[in-house]
Amino acid sequence: MDERRLGVLSGLAAYTMWGLFPLYFPLLEPAGGVEIVAHRIVWSLLFVALLLTAVRRWGLVRSAVVDRRTVLVLAGASVLIATNWLIFVYGVNSGHVVETSLGYFINPLVSVLLGVVVFGERLRRLQWLAVAIAAIAVAVLTVDYGRPPWIALGLAASFGLYGLLKKVVRVEAAPGLFLETAVMALPAVALLGFLHSDGTGTFGDAGTGHALLLVSSGIATAVPLLLFAAAARRIPLSTIGLLQYLTPLMQLSVGVFVYDEAMPPARLAGFAIVWLALAVFTADTLRHARAGTRRSIPAVVPAGL
């Protein structure tokens, strides 16, 4: 199998797994969102540690640890990704799957704005047009929901900032995930201890199957990130940028067709405006990628689930 085909298949596998998460996290109930995120942190750490041992890549972890700046940036990234996970789990398990999908639809445009604000990057006219159209969409959806779409905005902002920090440091997927989860591991273990002492923890109290599902959250977290890393090394960022829309499309489909979430005309109009913004943004990106010009947007990062 040639490298490009392997990269596309790895990317499709990663984004498909993330797209199925709205079906996976309800299986972890009766655990609450905070407990689920704590288990994701702990079991991800253990799974990645085993993986690093198997492939003998601990040297990359040691190289990152001796750099104080890298450690500080990854510590900030760990807080942001844990926040993203918590918002996502809350959104899915509280019946707002459609709104979570919106967050990942607008995430690329949030990343573009962060690139302008933080790195002083200059956007082309069509990119500014896409951002303006997305702002109109958020206004329309605010009217429809009767409130700003806080879940979607929280997901987009937390993962956009996470991607920003990941752009600042270059650490491979497995060592990076190990260090990010290691930063949050002690608070996560302390939280799980508190939940069990308080009688609200569910690990071991809701059956063996439930305990195994919580353990599997570590694998479910790490595997798509590693698949994404394999894809990013083999295919152009423009291709990754197109593949990333698979995740929110699947999440939207799950919310509407599996969980029967409402999609009134005003909400559908808001999503349609978002898709128009993404169409403008993607067309401009592909046109400049084909021309071989240097891209002025931040590197695409995985969907943050």
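Keep in mind the model is a prediction, meaning the values are calculated, not measured. (Residues numbered from 1 in each chain as written. Predicted model: local features only at pLDDT ≥ 70, side-chain atom pairs only at ≥ 80, totals over all residues. Heavy atoms only, no water.)

Peer 1: How should I be thinking about the overall build of the chain in this particular structure?
Peer 2: Tallying secondary structure elements over the chain gives 13 helices and zero strands in all. Listing the helices and strands of the chain from first to last along the sequence gives α-α-α-α-α-α-α-α-α-α-α-α-α. In terms of C-alpha radius of gyration, the chain reaches 19 Å, essentially the compact-globule figure of 19 Å for 305 residues. Reported as C-alpha extents along the three principal axes, the dimensions of the chain are approximately 55 × 45 × 40 Å. In the chain, which comprises 305 residues, the proportion classed as buried is 50%. Within the chain, counting contacts between residues at least 6 apart in sequence, those at least 24 apart form 87% of the total. (Helix = DSSP H or I, 4+ residues; strand = E, 2+ residues; numbered from the N terminus. Rg over C-alpha atoms; globule rule 2.2 N^0.38 Å. Buried < 20%, exposed > 50% of the residue type's maximum accessible area, 1.4 Å probe, protein only. Contact = heavy atoms within 4.5 Å.)

Peer 1: When you look at a nonpolar patch on the surface in this model, what are you seeing that I'm missing?
Peer 2: Taken together, L20, L23, F257, V258 and Y259 make up a surface patch of nonpolar side chains, about 480 Å² in accessible area. Positionally, Y259 belongs in the loop between α12 (246–258) and α13 (265–290). Of the residues examined, Y259 reaches a relative accessible area of 33% and is grouped as partly exposed. (Patch = residues over 30% accessible without salt bridge, like charges linked within 9 Å, V, L, I, M, F, W, Y side chains within 5 Å. Areas by Shrake-Rupley, 256 points an atom, 1.4 Å probe, with all protein chains shown as cover. Salt bridge = Lys/Arg side-chain N within 4 Å of Asp/Glu carboxyl O.)

Peer 1: Sorry if this is basic, but what is going on with the packing of aromatic side chains here?
Peer 2: Both the distance between ring centres and the angle between the ring planes are used here to describe each pair of aromatic rings. All told, the structure shown has 14 aromatic pairs when counted by the stated rule. Both rings, one in Y15 and one in F228, keep their centres 6.2 Å apart while their planes meet at 85 degrees; by these two values the pair is edge-to-face. Here F228 lies in helix α10 (residues 208–232) and Y15 lies in helix α1 (residues 3–19), a separation of 213 residues in the sequence. Classification of Y15 by relative accessible area gives buried; the value is 0%. Ring pairing ties together the aromatic residues F21, Y24, F25, F88 and Y104, which thus form one cluster. The aromatic ring of W85 is capped on one face by R40, whose charged end is 4.2 Å from the ring centroid. The lysine or arginine in question, R147, covers the ring of Y145, its NZ or CZ lying 5.0 Å from the ring centre. (Phe/Tyr/Trp six-rings, centres within 6.5 Å; stacked < 30°, edge-to-face > 60°. Lys NZ or Arg CZ within 6 Å of the ring centre and 35° of its normal.)

Peer 1: Got a minute to help me understand the UniProt feature "domain: EamA" (unreviewed entry) in the chain in this structure?
Peer 2: Look at the UniProt record and you will see "domain: EamA" (unreviewed entry) annotated at residues 6–142. Here residues 6–142 runs as 85% helix and 0% strand, with 41 Å between its end C-alpha atoms. (UniProt positions renumbered as here; feature names shortened; annotations may be inferred.)

Peer 1: I keep staring at the packing of helix α6 (residues 97–119) against helix α8 (residues 150–168) and nothing clicks. Help me out?
Peer 2: Working note: a packed helix pair is described by the angle between its axes plus the distance between those axes. Following both chains from N to C, one finds α6 and α8 inclined at 45 degrees, their axes separated by 7 Å at the closest point. On the basis of their axis angle, the class for α6 and α8 is oblique. The element α6 and its partner α8 pack so that their crossing is right-handed. (Axes fitted to C-alpha atoms, helices over the stretch in contact; angles between N-to-C directions. Parallel < 35°, antiparallel > 145°, perpendicular 65-115°, else oblique. Left-handed = near helix turned anticlockwise from the far one by under 90°.)

Peer 1: Honestly, the layout of surface pockets in this entry has me stumped. Any pointers?
Peer 2: It is a probe the size of a water molecule, rolled over the atoms, that shows where empty space is left. Considered as a void within the structure, the second largest pocket measures approximately 230 Å³ in volume. In terms of lining, the second largest pocket is formed by L51, L52, V55, R57, E172, A173, A174, P175, L226, A229 and R233. Secondary-structure elements contributing two or more residues to the lining of the second largest pocket are α3 (33–55), α9 (173–197) and α10. Among the residues making up the lining of the second largest pocket, the classes are represented as eight nonpolar, no polar and three charged. (1 Å grid on protein atoms, 1.4 Å probe; cavity = no way out; pocket = protein on both sides within 12 Å on 5 of 7 lines; lining within 4 Å. Points joined across faces, edges and corners; volume = space filled by probe spheres on them. Nonpolar A, V, L, I, M, F, W, Y, C, P; charged D, E, K, R; others polar.)

Peer 1: How should I be thinking about the confidence of the model for the chain in this particular structure?
Peer 2: A low pLDDT score tells you not to read the predicted coordinates there in detail. Here the chain shows a mean pLDDT of 89. Residues at 70 or above account for 94%. For the chain, the element scoring lowest by mean pLDDT is helix α11 (residues 237–243), at 75; helix α2 (residues 21–24) scores highest, at 96. pLDDT under 50 marks residues 293–300. Its contacts with residues more than four places away, or in other chains, come to 27 contacts. (pLDDT = per-residue confidence, 0-100.)

Peer 1: Honestly, unusual backbone geometry in this entry has me stumped. Any pointers?
Peer 2: Leaving glycine out, the prevailing phi sign among residues is negative, and the prevailing peptide bond configuration is trans. A cis geometry characterises the amide bond from E29 onward to P30, with omega recorded as 20 degrees. Not every positive phi belongs to a glycine, and R56 is a case in point at roughly 55 degrees. For R56, a relative accessible area of 76% corresponds to the exposed category. One non-glycine residue, D260, lies in the positive phi region at around 55 degrees. Mapped onto the elements of the fold, D260 is located in the loop between α12 and α13. Here D260 falls in the exposed class, since its relative accessible area comes to 63%.

Peer 1: Mind showing me how you'd approach the side chain of T221 here?
Peer 2: Residue position: T221 is located in helix α10. Of the residues examined, T221 reaches a relative accessible area of 2% and is grouped as buried. A distance of 2.7 Å separates the side chain of T221 from the backbone oxygen of S217, its partner in a polar contact. For T221, the contacting residues outside a window of four places in its chain are R40, S44 and W85. (Polar contact = N/O pair within 3.5 Å; in protein donor to acceptor, adjacent residues only side chain to side chain.)

Peer 1: For this particular structure, what's the right way to read the packing of α6 against α12?
Peer 2: Look at α6 against α12: their axes get within 8 Å of each other, and the N-to-C directions meet at 165 degrees. With respect to each other, α6 and α12 are oriented roughly antiparallel. Judged by the sense of rotation from one axis to the other, the crossing of α6 with α12 is left-handed. Note on element contacts: α12 touches α6 through P248, L249, Q251, L252, G255 and V256, opposite V97, V98, T100, S101, Y104 and F105.

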